[in-house]
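The primary structure of each chain is shown beneath.
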Amino acid sequence: MSLLEFARGPALEIALGAFAFGVAWRLLSLLALPWSRDRSVARPAAPSALAAAAGGFVRRMWPARPFRRSDLWVTLNGHVYHIGLAIVVFGLAQHIQFIKGLFGLQWPNLPTGLVSLVSVITLASLTVALARRVVSPVLRLISTANDYFSWLVTALPVATGLLAQSHLGARYETLLAWHLLSVALLLAWFPYGKLMHAFLVFLTRGETAILYRRRGVQS
Amino acid sequence: MNDRDGIADLLARRGVSRRALLKYATYLATVMALPPLAARAIAQGLAKARRQSVIWLSFQECTGCTESLTRSFNPTLEDLIFDMISLDYHETLQAVSGAAAEAARLAAMRENRGKYVVVVDGSVATKDGGVYSTNAGKTNLEVLKETAEHALAVISVGTCAAFGGLPHAHPNPTGAVPVSQIITDKPVINISGCPPIAEAMAGTIAYLITFGKLPDLDHLSRPKSIFGDSIHDRCYRRPFYDKGMFAKSFDDEGARKGWCLYEVGCKGPVTYNACATLKWNGGVSFPIQSGHGCLGCSEPDFWDNGGFYRPLSSSTSHPGAVVGGAVVAGIAVGGLGALLARQRRERAVRDLEAKEQERRS
């Protein structure tokens, strides 16, 4: 079995199994926990829980005025690589074919040149995020191996994908195999590390926003 | 025709001029990616050389490789192939049959001991002693070992001989293996393809005769001059790949406009051959130009590599069962964890209430 055959077959199958198990396990074990009811009386103007959660999620995508000076660029950089990753994952024709093979869904792809440009910007943005984490004493202090490994498994598919797309450094089958293996690593690690925030961010921000709005916090 | 004659004598007798020989040598030098001066060396080498004794063995194959070579578009090329070599044994092409044919093979082996070239098309059956493919009462395995023992070199023509090919595909009922797995003490050149390009065969033989050594080979023992670039690198549809313009099916607008066939399963990016440059039928076309994606036929295990119409970027497995099972297992473990947490909480609440009651009483 060649490296590409292994990457396209057993590696992705195992990684998808690990991903599905981890996501189901973490979400259910969290959602099925006993929740304490908030017995306080809601403020008269408090919106519904759903509206509060949605509003709070959107509001926290941008730093509040007192923090804007210190956090604006960090927030912007975060948006750049998150949106960049979404464009790369869901915009490239080859990725759409991968998703189609799994779920049968497909949609029109973006031009390859545009996706390649976004990949370069995303990789640069991820590098800036890592540099800030390493340079800032506070961030360095609170960072664990989980943070650095999560960064690595996110950046690797972008880097290997760029190499595969531009046929740089090795034969295409080797580059494609490395790219697929890096995606397998990302999927396998996803639910067990901090990348799980892709699911949990909706719960945590929503829950916080519901709590705040119930108690009259406006923003 | 006398086997002792030089190629130059034979060509002169057939009315082939020195100019025609030079033109052909230049063509072969170009095919083999040699420098311009090599054309003269090839012409001189061919003129001086004796006709190379070749024993052609056909094993588990479909005769497509022989068809490709004998029915090459250019009859001059075909003539020259058979002028350059003394084809001493070939089951499909030889006039004799039965015991006389086998005697010809043994005679050629005896007279050209250590100098003859063995060409093999077809894979070798090995299961149960190789009984699934026999000829003249001998298994292919026996004939190959016997014939290759005193050969100068072995050329595996076609993907079956080079990598096992179709007979080697899962579940491989005959235990088919490539020639290189049996012959390990001789140089083996693989000219893969289903079938291989005729010029690749002619170029390799010309190189052997002219320079008396093997051409540069890649990691799969294929001549680099033919198999150095991928189909994708030389494909005229490559600009569409770079722009992200793909045919979604064989009859959509993209297919009619000649866009890239990656999404309908083209294996061009991982297939190394000269189809996109040399093409077929005298340079008329090749599969991609005819509207079908490359099948990857010159690569090992091309039959089992996940399906001809599945894009390279997609998974070759069907992970539905694995993912479904993993989700059920995840729900079970997560649910159990949450249940235990609830029980712990209820127990803690009960303990607290009991302590509170105790304190009050």
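This is a predicted model, so every value here is computed, not measured.

### Section: the overall build of chain A
Turning to step 1, where the next piece is worked out: A tally of helices and strands in chain A yields 9 helices and 0 strands.
Turning to step 2, where the next piece is worked out: Put simply, chain A runs from its N terminus to its C terminus through helices and strands in the order α-α-α-α-α-α-α-α-α.
Turning to step 3, where the next piece is worked out: The C-alpha extent of chain A, read off along each of the three principal axes, is 65 × 40 × 40 Å.
Turning to step 4, where the next piece is worked out: For chain A, the proportion of its 219 residues judged to be buried stands at 37%.
Turning to step 5, where the next piece is worked out: For chain A, the accessible surface area stands at approximately 12400 Å², while carbon and sulfur atoms represent 72% of it.
Turning to step 6, where the next piece is worked out: Computed over 20 positive and 7 negative side-chain charges, the inter-centroid distance for chain A is 15 Å.

### Some points on the sheet that holds strand 1 (residues 52-58) of chain B
All names here are of chain B.
Turning to step 1, where the next piece is worked out: Spatially, 5 strands are ordered 2-1-3-6-7 in an open sheet, and the strand pairing comes out parallel. For this open sheet the edge positions go to strand 2 (85-90) and strand 7 (188-191), each flanked by a neighbour on one side alone. Strand-to-strand twist of the sheet, defined as the mean angle between neighbouring strand axes without regard to direction, takes the value 25°.

### Notes on the packing of helix 3 (residues 38-48) of chain B against helix 11 (residues 198-211) of chain B
Residues and elements named next belong to chain B.
Turning to step 1, where the next piece is worked out: At their nearest, the axes of helix 3 and helix 11 sit 8 Å apart, and the two run at 75° to each other. When the axis of helix 3 is compared with that of helix 11, the two are roughly perpendicular. Between helix 3 and helix 11, the residues in contact are Ala38, Ala41, Ile42, Gly45 and Leu46 and Ile209, Thr210 and Phe211, respectively.
Turning to step 2, where the next piece is worked out: Among the residues forming the contact of helix 3 with helix 11, the class breakdown is 6 nonpolar, 2 polar and no charged.

### Quick notes on the domain arrangement of chain B
All names here are of chain B.
Turning to step 1, where the next piece is worked out: Split by domain assignment, chain B resolves into domain 1 (7-227), domain 2 (231-304) and domain 3 (321-361).
Turning to step 2, where the next piece is worked out: The distance between the C-alpha centroids of domain 1 and domain 2 comes to 28 Å.
Turning to step 3, where the next piece is worked out: With 20 residues of domain 1 in contact, the opposing surface of domain 2 contributes 17 residues.
Turning to step 4, where the next piece is worked out: Across the contact surface, domain 1 and domain 2 share 6 residue pairs in polar contact (both at pLDDT 80 or more).
Turning to step 5, where the next piece is worked out: Those elements that place two or more of their residues in the side of domain 1 that touches domain 2 are helix 8 (158-163), helix 9 (165-168) and helix 12 (224-227).
Turning to step 6, where the next piece is worked out: In the side of domain 1 that touches domain 2, the residues fall into 12 nonpolar, 6 polar and 2 charged.

Procedures and definitions
Residues numbered from 1 in each chain as written. Chains lettered and ligands numbered in written order. Predicted model: local features only at pLDDT ≥ 70, side-chain atom pairs only at ≥ 80, totals over all residues. Heavy atoms only, no water. Helix = DSSP H or I, 4+ residues; strand = E, 2+ residues; numbered from the N terminus. Buried < 20%, exposed > 50% of the residue type's maximum accessible area, 1.4 Å probe, protein only. Areas by Shrake-Rupley, 256 points an atom, 1.4 Å probe, with all protein chains shown as cover. Lys, Arg positive; Asp, Glu negative; His and termini not counted. Charge placed at Lys NZ, Arg CZ, Asp CG, Glu CD. Pairing = 2+ DSSP bridges. Axes fitted to C-alpha atoms, helices over the stretch in contact; angles between N-to-C directions. Parallel < 35°, antiparallel > 145°, perpendicular 65-115°, else oblique. Contact = heavy atoms within 4.5 Å. Nonpolar A, V, L, I, M, F, W, Y, C, P; charged D, E, K, R; others polar. Domains from an automatic or database assignment. Polar contact = N/O pair within 3.5 Å; in protein donor to acceptor, adjacent residues only side chain to side chain.

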